[in-house]
Amino acid sequence: MKNYDYIIVGGGSSGCIVASRLVREQNARVLLLEAGSGHYNPVLKMPAGYMKYLASDAYLTMHQTEPQPQLNGRGVIVPQAKVLGGGSTVNAMVYMRGHEQDYADWNRAISGSNIDWSWSALLPHFMAIEDNDHLGTPFHGVDGPMKVSHLGHFSPLSRAYVKTMQALGIPYTPDFNRGNPYGVGFMQHTIDGQTRKRCSVVDAFITPLRDDPNLTIETEASVTELLFEDNRAVGVAWQHKGQVKQARADREIILAAGAYQTPKILMLSGIGPEDELAAHGIPRRHVLPGVGKNLQDHYEVPVVASTNGAFGYYGQDKGWPMVKAGLQYLLFKSGPVTTTGVETCAFFNPLDFNATPTIQMFCVPTVYLDRDVMGADPGHGVTINSLLLRPKATGYVTLRNTDPTALPRIDTQIFGHPDDLATTMAGLQFARKVIATMPIQNMVEGEIFPGSAIASDEEIAAHCKRMVKTGYHPVGTCRMGNDDDPMAVLHADLRVRGVQNLRVVDASMMPNIISGNTNATVMAVAHRAADLIMGNAPSLHQTQPQEGLA
């Protein structure tokens, strides 16, 4: 069994950042284990390229939730990245930090701690990571490893959407990332503004360390359990191409496998709710009732309209338009390939513009639904998606069985609280106002989904239940909290309660979901976590050759 200072389980946004900092700043020997592949199609480096893989299992694990009674028995698909770099390798690249109130809520959850997780405490970590191509202090970093920029192309529909929202009373904001994202504007993305390529955590944090002997990366490594001596985590066991392997960590085991897999690994290792461990005959190591609980995600419902012209991206991914756009990108780093296709959004409360935003409304300049769902042919159009920012219902993750390769059971409880459905319905009604207001009104031919015949509250509710989908932002399943909180899994410094040398640094740690796309926050949390892990510890090794695993 080989020894490392730290073993990190999960090579996504959080795992890569923590690994990079431990190697660079502490000269630590780090083993980084990633269940997915270390390679991916170069198309994913193009801003528009991720759309080719939205429904593919090449780089995504397609979980299906338990049937949801409140959705008339629907089981919703919830993907998770399975590739080195995690979501940062395959996501839509949106860089969004959320609302300062989100982090105030975190602090309330750990009010008995002397560790600060407020907006002001995390801002230096956001800035340390960031290299923004046009924004600077006091809110943005300009010399960090993660490239952030606006997109290189905006469709006429996106520009019209921004003006339409202003006509409806939503003010323009040039920067969503100052702590209060209220307003409408153009989103920033983790894209290099010069090369117009995706900047993943692999590009920013791992590639510069590829030749460092202190960093060992093993991909296609499916972790089966954590190894303990008494209540101290000392190692990890995993499967790799049919072989069972083990390694030992002299300092800490760090879980960064995401909101679905991190609680699964804990439960397989005997840490979790007592009834869940007993149901599967897993020897109890430490009872933590909150493991797998408090699952939160964002959920969205669309309004789709046809347009009377080619104002968006329909048909741009095939034939001559695709060839022309590809050549423009290769030769000039401009044109439709430099966009993610989702260029603008708005944050607001549809019931009270003066209240904290409850909806993030995206404008997608195409028909963003399948023909089988809509009952209409695809064509030129626009999709207005209302995404619920602060769901009140929480779900859970449990084990399917004791097979470490089996996917966990996921119950999202979408619309499990009546306020969640009511807020989503208010967002949908506002989306209808958008397509009926100038200047978008001039572009719209007619609403095709749900269609003008759907008018009553009952019909709109049924539409929402039929069409609601994930926003791809699962969090909260190992949340931090106070000592007197029986459902808290982590201390405020992200250590797992009741065991030694075990920490969680991914989105599982969030007491509540943030108001916006989660990747930027996950990266800032990981950067902060590295500080907590290192503390004031000196460098561990000046030079320490480390062979790859046998």
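Keep in mind the model is a prediction, meaning the values are calculated, not measured.

Asker: Got a minute to help me understand the sheet that holds strand β9 (residues 188–189) in this structure?
Answerer: Consider a sheet: its strands pair through backbone hydrogen bonds, and that pairing is either parallel or antiparallel. Taken in spatial order, the four strands line up as β5-β9-β7-β6 in an open sheet, and their pairing is mixed. Across the chains shown, the open sheet's two edge strands, defined by having one partner strand only, are β5 (94–95) and β6 (130–132). As defined by bridge partners, strand β7 (residues 146–150) adjoins β9 across two bridges and the pair is classed as antiparallel. Along β9, the bridge assignment pairs S149 with H189. Across the sheet, helix α4 (residues 119–129) lies against β5, β6 and β7, angled at about 65° from β6, the strand it touches most.

Asker: Explain the packing of helix α3 (residues 100–109) against α4 here, please?
Answerer: Packed helices, taken two at a time, are described by their axes: the angle between them and the distance between them. Here α3 crosses α4 at 115°, and the two axes come no closer than 9 Å. On the side of α3, the interface is formed by E100, Y103 and W106, while α4 contributes W119, L122 and F126. Split into classes, the residues belonging to the contact of α3 with α4 amount to five nonpolar, no polar and one charged.

Asker: So what exactly am I meant to see when it comes to the domain arrangement of the chain here?
Answerer: In many analyses, interface size is given as the accessible surface area lost on bringing the parts together. Each assigned domain of the chain is listed with its residue range as follows: domain 1 (1–148 + 198–295 + 398–403 + 474–536) and domain 2 (152–186 + 297–393 + 415–467). Measuring from the centre of the C-alpha atoms in domain 1 to the corresponding centre in domain 2 gives 30 Å. Taken together, the contact between domain 1 and domain 2 spans 35 residues of the former and 35 residues of the latter. Taken over both partners, the interface formed by domain 1 and domain 2 buries close to 2,600 Å², and the fraction arising from carbon and sulfur atoms is 56%. Sorting the residues of domain 1 by area buried against domain 2 places M96, H99 and I513 first, and these three jointly supply 19% of that buried surface. Inspection of the domain 1/domain 2 interface yields two salt bridges. Linking D105 and R390 is a salt bridge whose minimum nitrogen-to-oxygen distance equals 3.8 Å. Counting every contact that joins domain 1 to domain 2 gives 14 residue pairs in polar contact (both at pLDDT 80 or more).

Asker: Got a minute to help me understand a nonpolar patch on the surface in this structure?
Answerer: A cluster of nonpolar side chains, contributed by W320, M322, V323, L327, L330, L331 and F332, occupies part of the molecular surface with about 780 Å² of accessible area. The residue W320 is located in helix α9 (residues 319–332) in this model. Relative accessible area serves as the criterion here: at 56%, W320 is assigned to the exposed category.

Asker: What should I look at first to understand the confidence of the model for the chain in this one?
Answerer: Detailed conclusions should not be drawn from predicted coordinates in areas where pLDDT is low. Per-residue pLDDT for the chain averages 94, and the proportion of residues at 70 or more is 96%. Scored below 50 in pLDDT, residues 543–550 makes 24 contacts in the model with residues more than four places away or belonging to other chains.

Asker: Is there a simple way to explain the packing of helix α1 (residues 13–26) against helix α14 (residues 519–534) in this structure?
Answerer: Where α1 contacts α14, the two axes come as close as 8 Å, and the packing angle between them is 35°. Here α1 runs over α14; the crossing is right-handed. In this structure, α1 contributes S13, S14, I17, V18, R21, L22, E25 and Q26 to the contact, and α14 contributes N519, V522, M523, A526, H527, A530, D531, I533 and M534. Looking at side-chain class alone, the contact of α1 with α14 contains nine nonpolar, five polar and three charged residues.

Asker: Would you explain the UniProt feature "binding site: FAD" (unreviewed entry) in the chain in this entry?
Answerer: Sites flagged by UniProt as "binding site: FAD" (unreviewed entry) map to V83, N91, A92, M93, V94 and V223. Annotated residues spanning 141 residues; largest pairwise C-alpha distance 29.4 Å, indicating distribution over more than one region. Here M93 shows up in the loop between α2 (87–90) and β5. Using a relative accessible area of 1% as the deciding quantity, one classes M93 as buried. Considering the arrangement of structural elements, one finds V94 in strand β5.

Asker: Sorry, what's going on with the packing of aromatic side chains here?
Answerer: Given two aromatic rings, one states the distance between the centres and the angle between the planes to describe the pair. Under the defined criterion, the tally for this structure stands at eleven aromatic pairs. In textbook terms, an aromatic cluster arises when at least three aromatic residues are bridged by ring pairs, as seen for Y103, W106, W117, W119 and F126. When the ring centre of Y329 is taken as reference, the NZ or CZ atom of K333 above it lies at 4.9 Å. Seen from the ring of W117, R528 lies directly overhead, with NZ or CZ sitting 4.7 Å from the centre.

Conventions adopted
Residues numbered from 1 in each chain as written. Predicted model: local features only at pLDDT ≥ 70, side-chain atom pairs only at ≥ 80, totals over all residues. Heavy atoms only, no water. Pairing = 2+ DSSP bridges. Helix = DSSP H or I, 4+ residues; strand = E, 2+ residues; numbered from the N terminus. Contact = heavy atoms within 4.5 Å. Axes fitted to C-alpha atoms, helices over the stretch in contact; angles between N-to-C directions. Nonpolar A, V, L, I, M, F, W, Y, C, P; charged D, E, K, R; others polar. Domains from an automatic or database assignment. Buried area = accessible area lost by both parts, 1.4 Å probe. Salt bridge = Lys/Arg side-chain N within 4 Å of Asp/Glu carboxyl O. Polar contact = N/O pair within 3.5 Å; in protein donor to acceptor, adjacent residues only side chain to side chain. Patch = residues over 30% accessible without salt bridge, like charges linked within 9 Å, V, L, I, M, F, W, Y side chains within 5 Å. Areas by Shrake-Rupley, 256 points an atom, 1.4 Å probe, with all protein chains shown as cover. Buried < 20%, exposed > 50% of the residue type's maximum accessible area, 1.4 Å probe, protein only. pLDDT = per-residue confidence, 0-100. Left-handed = near helix turned anticlockwise from the far one by under 90°. UniProt positions renumbered as here; feature names shortened; annotations may be inferred. Phe/Tyr/Trp six-rings, centres within 6.5 Å; stacked < 30°, edge-to-face > 60°. Lys NZ or Arg CZ within 6 Å of the ring centre and 35° of its normal.

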